[in-house]
Protein chains: 2
Amino acid sequence: MDFSIIGFARGEDHSSSFQAINPVTGEASMQSYAHATLSELETACSLAKKASTILANMPGVRKADFLECVADRIDARVEDLVKVMTFESGLPEARVRAEAGRTCGQLRMFAGMVRKGDWVQARIDQAQPDRKPLPKPDLRSMLRPIGPVAVFCASNFPLAYSVAGGDSASAWAAGCPVIVKAHHAHPGTALVVAEAVVEAVKSCGFPEGTFSMLYGDGRKLGKELVMHPFIKAVGFTGSRAGGRALFDLASSRVEPIAVFAEMSSVNPVFVLPGLMEDKLTGFVSGLAGSATLGNGQFCTNPGIVFHPDGPLGDRLLSEYVDRLKDIPPCPMLHAGIREAYVNGLDRLSSIEGVKVAYRAVVPSGSGGCDVGPCVLSVSLADFLASKKISDEVFGPSTLLVSYSSTDQLLEVVQGLEGQLTTSLFGEVADLKANADLVALLEATVGRMLFNQFPTGVEVCGAIVHGGPYPATTDGQSTSVGERAIYRFVRPVCFQGFPEEALPDELKEGNPLGIKRMDA
Amino acid sequence: MDFSIIGFARGEDHSSSFQAINPVTGEASMQSYAHATLSELETACSLAKKASTILANMPGVRKADFLECVADRIDARVEDLVKVMTFESGLPEARVRAEAGRTCGQLRMFAGMVRKGDWVQARIDQAQPDRKPLPKPDLRSMLRPIGPVAVFCASNFPLAYSVAGGDSASAWAAGCPVIVKAHHAHPGTALVVAEAVVEAVKSCGFPEGTFSMLYGDGRKLGKELVMHPFIKAVGFTGSRAGGRALFDLASSRVEPIAVFAEMSSVNPVFVLPGLMEDKLTGFVSGLAGSATLGNGQFCTNPGIVFHPDGPLGDRLLSEYVDRLKDIPPCPMLHAGIREAYVNGLDRLSSIEGVKVAYRAVVPSGSGGCDVGPCVLSVSLADFLASKKISDEVFGPSTLLVSYSSTDQLLEVVQGLEGQLTTSLFGEVADLKANADLVALLEATVGRMLFNQFPTGVEVCGAIVHGGPYPATTDGQSTSVGERAIYRFVRPVCFQGFPEEALPDELKEGNPLGIKRMDA
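Worth saying up front: this structure is predicted, and the values here are computed from it rather than measured.

With that settled, the discussion passes to the overall build of chain A. Looking only at helices and strands, chain A has 15 helices and 22 strands in total. For chain A, the spread of C-alpha atoms along the principal axes amounts to about 75 × 65 × 40 Å. Of all 519 residues assigned to chain A, the portion counted as buried reaches 62%. Summarising the internal contacts of chain A: among those between residues at least 6 apart in sequence, 76% fall at separations of at least 24. Charged side chains of chain A number 47 positive and 58 negative; the gap between the two group centres comes to 5 Å.

This next bit is on the nonpolar core. Counting residues in hydrophobic clusters, the biggest one holds 224 residues, and the most contacted among them are Phe 211 and Met 213 of chain A together with Phe 211 and Met 213 of chain B. Excluding residues within four positions of it along the chain, Met 213 of chain A makes contact with Ser 4, Ile 5, Val 163, Val 180, Ala 182, Ala 190, Leu 191 and Ala 194 of chain A.

Here we come to helix H8 (residues 240-252) of chain B. Look at H8 of chain B: 18 Å from first C-alpha to last across 13 residues, which is about the 18 Å you get at 1.5 Å a residue. Of all the residues in H8 of chain B, the buried ones are Gly 243, Arg 244, Leu 246, Phe 247, Leu 249, Ala 250 and Ser 251 of chain B. Contacts made by the buried residues of H8 of chain B are with helix H8 (240-252) of chain A together with strand E7 (149-152), helix H7 (218-227), strand E10 (233-237) and strand E11 (258-262) of chain B.

At the junction of the two partners, chain A supplies 75 residues and chain B supplies 75 residues. Remark: the boundary between chain A and chain B carries six salt bridges. Residue Arg 144 of chain B is joined to Glu 442 of chain A by a salt bridge in which the shortest nitrogen-to-oxygen separation is 2.8 Å. The interface formed by chain A and chain B holds 45 residue pairs in polar contact (both at pLDDT 80 or more) in total. Sorting elements by how many residues they give to the side of chain A that touches chain B places strand E21 (residues 489-495) of chain A first, with seven residues. Looking at side-chain class alone, the side of chain A that touches chain B contains 39 nonpolar, 16 polar and 20 charged residues.

Another aspect to go through is the pairing of strand E5 (residues 122-125) of chain B. Each regular strand shows side chains that alternate between the opposite faces of the sheet. Residues and elements named next belong to chain B. Side-chain alternation along E5 places Ala 122 and Ile 124 on one buried face and Arg 123 and Asp 125 on a second face that is also buried. Here E5 pairs with strand E22 (residues 516-518) via three bridges, running parallel. Directly across from Arg 123, in E22, lies its bridge partner Met 517. Of the strand pairs in this sheet, E5 and strand E6 (residues 139-145) are connected by three bridges, and their pairing is antiparallel.

Residues and elements named next belong to chain B. Under the definition given, this model contains 58 salt bridges over all chains. Between Lys 232 and Glu 255 there is a salt bridge whose closest N-O contact spans 3.0 Å. On the criterion of sequence distance, the pair formed by Lys 232 in the loop between H7 and E10 and Glu 255 in the loop between H8 and E11 is long-range, its members being 23 residues apart. The shortest N-O distance in the salt bridge between Lys 388 and Asp 391 comes to 3.7 Å. Under the relative-accessibility criterion, Lys 388 is labelled exposed at 53%.

Here the focus is the relation of the copies chain A and chain B. The two copies are related by a screw motion: chain A maps onto chain B through a turn of 180 degrees and a shift of 0.0 Å along the axis, at an RMSD of 0.0 Å. Viewed as a symmetry operation, the transformation between the two copies matches a two-fold axis. Using C-alpha coordinates, one finds that chain A approaches the rotation axis most closely at Ser 251 of chain A, a distance of 3.3 Å. Mapped onto chain B, 100% of the interface residues of chain A are again interface residues, and the two copies thus contact each other with one and the same surface.

Inspection of the secondary structure assignment puts Lys 132 of chain A in the loop between strand E5 (122-125) and strand E6 (139-145). The spacing of Lys 132 of chain A and Arg 347 of chain A is 215 residues in sequence and 70 Å in space, taken between C-alpha atoms.

This part is about the packing of helix H7 (residues 218-227) of chain A against H8 of chain A. A pair of packed helices can be characterised by two numbers: the angle between their axes and the separation between those axes. Residue and element names in this part refer to chain A. Where H7 meets H8, the closest approach of the two axes is 9 Å, and the angle between their N-to-C directions is 35 degrees. As H7 runs across H8, the sense of the crossing is right-handed. Taken together, the residues of H8 that come into contact with H7 (itself represented by Lys 223, Val 226 and Met 227) are Leu 246, Leu 249, Ala 250 and Ser 252.

All names here are of chain A. Across the interface, helix H3 (residues 78-89) lies against helix H4 (residues 93-116) with an axial gap of 9 Å and an inter-helix angle of 130 degrees. Here H3 lies oblique to H4, going by the angle between them. You can see that H3 and H4 cross each other, and the crossing is right-handed. Contacts between H3 and H4 involve Val 78, Glu 79, Leu 81, Val 82, Met 85 and Thr 86 on the former and, on the latter, Glu 93, Val 96, Arg 97, Glu 99 and Ala 100. Split by residue class, the contact of H3 with H4 holds six nonpolar, one polar and four charged.

With that settled, consider the packing of aromatic side chains. Residues and elements named next belong to chain A. Throughout the structure, instances matching the rule amount to 36 aromatic pairs over all chains. Between Phe 306 and Phe 383, the ring centres sit 5.2 Å apart and the planes meet at 85 degrees, which makes this aromatic pair edge-to-face. Note that Phe 306 is positioned in strand E13 (residues 304-308) and Phe 383 in helix H12 (residues 380-385), a separation of 77 residues in sequence. We classify Phe 383 as buried; its relative accessible area is 5%. Through a chain of ring-to-ring contacts, the aromatic side chains of Phe 66, Trp 172, Phe 206 and Phe 211 assemble into a single cluster. The cationic tip of Lys 202 hangs over the ring face of Phe 8; the distance from NZ or CZ to the ring centre is 5.2 Å.

All names here are of chain A. Along its 16 residues, helix H2 (residues 60-75) runs 22 Å from first to last C-alpha, staying within 8% of the 22 Å computed at 1.5 Å per residue. Those residues of H2 that sit buried are Gly 60, Lys 63, Ala 64, Phe 66, Leu 67, Cys 69, Val 70, Ala 71 and Ile 74. Next to the buried residues of H2 lie H3, H4, helix H5 (166-174) and helix H6 (187-203).

This paragraph deals with the sheet that holds E22 of chain B. Read from one edge of the open sheet, 11 strands run E15(A)-E17(A)-E18(A)-E13(A)-E12(A)-E19(A)-E20(A)-E21(B)-E6(B)-E5(B)-E22(B), paired in mixed fashion. Each of the sheet's edge strands pairs with one partner strand only, and the pair in question is strand E15 (355-359) of chain A together with E22 of chain B. Taking the axes of each pair of neighbouring strands and ignoring which way they run, one obtains an average angle of 20 degrees across the sheet. Against the sheet, helix H10 (residues 311-325) of chain A engages strand E12 (269-271), E13, E15, strand E17 (374-379) and strand E18 (397-403) of chain A, with an angle of about 165 degrees to E17 of chain A. Taken strand by strand, helix H13 (residues 406-415) of chain A contacts E12, E13 and E18 of chain A, and its axis lies near 130 degrees from that of E18 of chain A.

If a residue is not glycine, its phi is most likely negative; likewise, a peptide bond is most likely trans. All names here are of chain A. A cis amide bond links Tyr 469 to the next residue, Pro 470, at an omega of 5 degrees. As for its position among the elements, Pro 470 is in the loop between strand E20 (445-450) and E21. A positive phi is found at Asn 267, a non-glycine position, where the angle reads about 45 degrees. Inspection of the secondary structure assignment puts Asn 267 in the loop between strand E11 (258-262) and E12. A positive phi angle is found at Asn 295, which is not glycine, with a value near 55 degrees. A residue is classified by how much of its surface remains accessible, and Asn 295, at 8% relative accessible area, is buried.

What follows deals with the sheet that holds strand E15 (residues 355-359) of chain B. The 11 strands are arranged E22(A)-E5(A)-E6(A)-E21(A)-E20(B)-E19(B)-E12(B)-E13(B)-E18(B)-E17(B)-E15(B) in an open sheet whose pairing can be described as mixed. With partners counted over all chains shown, the strands left at the sheet margins are strand E22 (516-518) of chain A together with E15 of chain B, one partner each. Across the sheet, the axes of successive neighbouring strands diverge by a mean angle of 20 degrees, strand direction being ignored. Judged from the two bridges that link them, strand E12 (residues 269-271) of chain B and strand E13 (residues 304-308) of chain B form a sheet pairing that is parallel. Looking across to E13 of chain B, one finds that Phe 270 of chain B is bridged to Phe 306 of chain B.

What follows is about the side chain of Gln 419 of chain A. Residues and elements named next belong to chain A. Considering the arrangement of structural elements, one finds Gln 419 in strand E19 (residues 419-425). We classify Gln 419 as buried; its relative accessible area is 3%. Among the polar contacts made by the side chain of Gln 419, one reaches the main-chain carbonyl oxygen of Glu 417 at a distance of 3.3 Å. Look past the residues within four positions of Gln 419 in its chain and what remains in contact with it is Ser 265, Val 266, Asn 267, Pro 268, Thr 444, Val 445, Gly 446, Gly 466, Gly 467, Pro 468 and Ala 471.

Definitions and cut-offs
- Residues numbered from 1 in each chain as written.
- Chains lettered and ligands numbered in written order.
- Predicted model: local features only at pLDDT ≥ 70, side-chain atom pairs only at ≥ 80, totals over all residues.
- Heavy atoms only, no water.
- Helix = DSSP H or I, 4+ residues; strand = E, 2+ residues; numbered from the N terminus.
- Buried < 20%, exposed > 50% of the residue type's maximum accessible area, 1.4 Å probe, protein only.
- Contact = heavy atoms within 4.5 Å.
- Lys, Arg positive; Asp, Glu negative; His and termini not counted.
- Charge placed at Lys NZ, Arg CZ, Asp CG, Glu CD.
- Core = buried A, V, L, I, M, F, W, Y, C linked by side-chain atoms within 4.5 Å.
- Expected span 1.5 Å × (residues − 1).
- Salt bridge = Lys/Arg side-chain N within 4 Å of Asp/Glu carboxyl O.
- Polar contact = N/O pair within 3.5 Å; in protein donor to acceptor, adjacent residues only side chain to side chain.
- Nonpolar A, V, L, I, M, F, W, Y, C, P; charged D, E, K, R; others polar.
- Pairing = 2+ DSSP bridges.
- Least-squares fit on C-alpha atoms with pLDDT ≥ 70 in both.
- Axes fitted to C-alpha atoms, helices over the stretch in contact; angles between N-to-C directions.
- Left-handed = near helix turned anticlockwise from the far one by under 90°.
- Parallel < 35°, antiparallel > 145°, perpendicular 65-115°, else oblique.
- Phe/Tyr/Trp six-rings, centres within 6.5 Å; stacked < 30°, edge-to-face > 60°.
- Lys NZ or Arg CZ within 6 Å of the ring centre and 35° of its normal.

Structure (structure tokens):
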């Protein structure tokens, strides 16, 4: 039996437990994992609260050392991760190695950012004691950590958006303690990473409450975690229903807190009339790759494609179907995702005017999780007639929508919900000719792509992985890239404070040598 | 009869109307003001939505011209404002002129900010087409406007946090249309400013939906405004109940939106043991000035003062009472505020252990709004024993709490709700000796002051006027100063976009010459 990690200790109560299920074989894990109790949760929250003022005043270089140490410790456990994560997720070894690399890369990116220190947006207004009619006081402000953060592990990123993934990394970088709610589908993967984190906390001399990891049901233990008064923000990647439930809970608190839930997106693709015939095959091949990458289980999966009708559109559809027919069935991450995918396709197929151009007939496999890709088509008129047609179907399906004039697309975008991304394909002249469409789309999404597909999110300074609701619950944020740190901070101002009592970032001589705004 | 301003038109329905009441004399205004209808609200929202993509793509210099034009037009109407605002608010002429100056100063500050253009936090990641194993795409991101913003006018700042106050100015600067809900207590003041804004919108060639102003009940029309799907964020300054109600509404929407409500704060003052006897009289005089400024009707009013017990504390109390006895009765901004103040004092006085050291006996006056200052005292033990004792009493009252050791203050701060400010008085050595207290306070407030009083908020780059709930509904924001613009934006990323289709801020050659982060 394995237990939750409560600071430097382990949970003890084993009255309720669960096992991981291999989605390929249906086999249960040898190991069982005990659900955390409310008293274990309480201890984790108290430790986090105690740690929060210590972490808040930890110098950037020490936070950087810690983040790099976590990355090093994860690197050292990659062979363990390959073993347990391929079992728990059904994902291939190469994906495990790539995702571990991305996870460590994220940790090191935030380490670099806090080592440099500019990110705190220090602003200094010098005193003007002789100003008339009133003297101006000395005012200095910077971004400071918000307090303990609850992180919910994602099903589709057992490493990169789980225990030491982007949410945790950015929260630690900001100076916030983290309490992770592990995902029930990959408790063993979570444990390997959690052990690496605890080693790093100890070896860097960080406070015990820097990190805890709890096993438990999202609707029970997860709810208690979000409602706990010591928790000051929530990071989540998952379903729309799950994210909204957490948001509603957090908003109902006596002290409401921010929920940064990255939830759902159909990532619409617009093939503009300028896409030349000679580029069509390249487009189809790129779309097939993007739509089936990771078996369609990425938030940025392109789910709906608008294309001109007529011969070019017909060719696009038939070439695309031919491509997808070559893609073998593959297990989803767990049985629940498979079920939602199958139900989603049934729902879509039954909408007036929707034609199933290709739907692989796939037995559910030994693990009960196998699915194949699906291509559906519909006319723009029928698309506009249905309200539910643009709801996300999570998995390797694509809805192709044929339009006769780009003017019609304006109506589409007016009715579109918030999205993580949109991709426009065509010539530069198409963007100019459709400036209204581009402007409307910009107000609807977090990332605009031109002649590129949305999957394969680059982790860097300029990336935005966010977007208006329901892409996220907080459209002012991104969960990927350097900007993600800004979810877990708030500005604090010091007025008339003596040099000795100011944070280093705000001291007169700028001892850290960071970029500041002075006035 | 005067009507709401719906873009360039006026409301028409006069089935329901109201008048302003002079709080000094009780006299009703000559003019009546018609409540906006739901159809007028609908028109205002549609105009705002239409304007939003135009404003989003308005160059910074044109937004700066507009903001400066609004300021100029308000400047030109100051004599009108003196007339109507002294009538409606009972505030003296000097205050009207000062607040008009602050309002225009804010508009010009944001103008300067958007003219310079650095504020958009542009980030550029250059493409690396030869990177292995995968090429890196070109990624560029910046902050973009969030869409139409609803602004609720504050009762205590008829100019600086009303029609063209800090919320509106920062929203326009960000590139967002604004729909203002005028405060029922100063409809005439609102109208003068609104006319100035409309003139500026026209003269700058801005779209009609840049601005509308609605008269109406907060709980009816205000609710409809917050629930309207075209509204993307809310700015509010007012009571805790009012702000929370708007927050709950906004959170219950199909598409939840952010509410930036600045609500309540007791702005605790800590007199540390190092405050020398020779500085006591200066402290008392400063406290009296700060606590009764604007008749105590500022969000940053210092409502609770913790001081050492013993002879120094006794002297502080008696000197403070002597000071306040000299302060004449004065009308509150409207009868509702007076009533809440009187009830608040009754509530406070009835708490176990609270002694009324001084409470001016004041007839309510011709306008029914007059009140006088009040001083209450309590021991720390009794303070800690009551949960409700630290709730805000809006007005010129001060609760003095005597403590015997600074260790006790840690317990106070642990139990303290979020605050806009805290002020520490003493010697530099006090800050060092009480580092734990200072660290805990920092996690609780938006602004920390040393040997200064919190009223007289400086409008500048470094100021923070915000704080954890219930100081505001969004502790990550400030409603005053340059940082206030960040409430109304969200990051948008452009991937692989051609130079011609990028915003100027992200173009390769940096034609605007703004500061950017490049990688």
